[in-house]
Amino acid sequence: MTRPLILVNTWRRPLPTFLGERTVLDTLDPAYADGVSAAGGRPLLVGRPPGGPTESAEAAREYVALADGLLLSGGGDVDPASYGEAPDNVADEDPAADVFELALIEAARAAGLPTLAVCRGAQLLAVAHGGRLHQRPAAAEGHGELKGMAAQDILGARHPVVLAADSRIRRAFGRDAIAVNTIHHHQIAHAGELRVTATAPGAVIEAVEPRTEWPCVGVQWHPEKMHEADQRVLFAQLVQDARAGRKPGLAAA
């Protein structure tokens, strides 16, 4: 059997190269693609197309028609204009990326494409369903100010999360509570039409899911940056769902 094809979006940022100190590149932490591959999927990296909303919507539909699943990766802050608010505490935003990734969500939802949305991806998933974000989240256990912390401390810190009964994420982990990391600047304030399926102390929203049959989960934490083996279940669930719903003609070896 060929592996299910999983779309993974990249993030555009300026980085130093031989061509200049701010060479614009489409980037991705390899841990996303590695997680898909380890779970039995075939990652396909996709960048946003040139042009405006029409081109983004067309590209999103074409990508989704080709793929068996979608992994929405992390990145900079979502532009508050995407959910009708003024900017108050925003960093590394890219409104064109918002347009494209919201188009990916819309196309995936319409097609019922299995989807895993991570951090920024989960925030956009909420925005796509009428939700909004906290630009200045209140301090809570496990959710303090990251600025000034050493990278190893950020990567190593964990806080508890409670998983809702009868949810996709509860079935994936097979238990009621897990420990996760915190590597985000904004967070979901209201999930809109989505169901909140995991919370941290202080009622921090950690996971959201559609109330429909669409096989989709959004998580606020970064499973790809955690060494714990149990975090692989999110990638395994995505690939399993993608394999079960494969496009006709793609199942033959």
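Going by the structure above, here's the rest.
Residues numbered from 1 in each chain as written. Predicted model: local features only at pLDDT ≥ 70, side-chain atom pairs only at ≥ 80, totals over all residues. Heavy atoms only, no water.

1. Observations concerning the pairing of strand S13 (residues 216-219)
And then number 1: Going residue by residue along S13, you find Cys216 and Gly218 tucked away on one face and Val217 and Val219 tucked away on the opposite face as well.
And then number 2: The pairing of strand S6 (residues 115-118) with S13 spans four bridges and is parallel. Each bridged residue has a counterpart across the sheet, and for Ala117 the counterpart in S13 is Gly218.
And then number 3: Sheet analysis places strand S12 (residues 204-209) next to S13, joined by two bridges and oriented antiparallel. Counterpart to Ala207 in the pairing with S13 is Val219.
And then number 4: Taking the residues between adjacent antiparallel strands as the criterion, S12 and S13 are bridged by six residues. (Buried < 20%, exposed > 50% of the residue type's maximum accessible area, 1.4 Å probe, protein only. Helix = DSSP H or I, 4+ residues; strand = E, 2+ residues; numbered from the N terminus. Pairing = 2+ DSSP bridges.)

2. Quick word on the state of the cysteines
In a disulfide, the sulfur atoms of two cysteines are covalently bonded to one another.
And then number 1: Tallying each qualifying case throughout the model produces zero disulfides.
And then number 2: A disulfide-free cysteine, Cys119 has its sulfur positioned 15 Å from the sulfur of Cys216, the nearest such atom.
And then number 3: Given a relative accessible area of 5%, Cys119 falls into the buried group.
And then number 4: For Cys216, a relative accessible area of 0% corresponds to the buried category. (Disulfide = S-S within 2.5 Å.)

3. What to know about the packing of aromatic side chains
And then number 1: Under the definition given, this model contains one aromatic pair.
And then number 2: Ring geometry for Tyr63 versus Phe100: centroids 6.2 Å apart, planes at 70°, classification edge-to-face. Note that Tyr63 is positioned in helix H2 (residues 53-66) and Phe100 in helix H3 (residues 95-111), a separation of 37 residues in sequence.
And then number 3: Under the relative-accessibility criterion, Tyr63 is labelled partly exposed at 24%.
And then number 4: For Phe100, a relative accessible area of 2% gives the class buried. (Phe/Tyr/Trp six-rings, centres within 6.5 Å; stacked < 30°, edge-to-face > 60°.)

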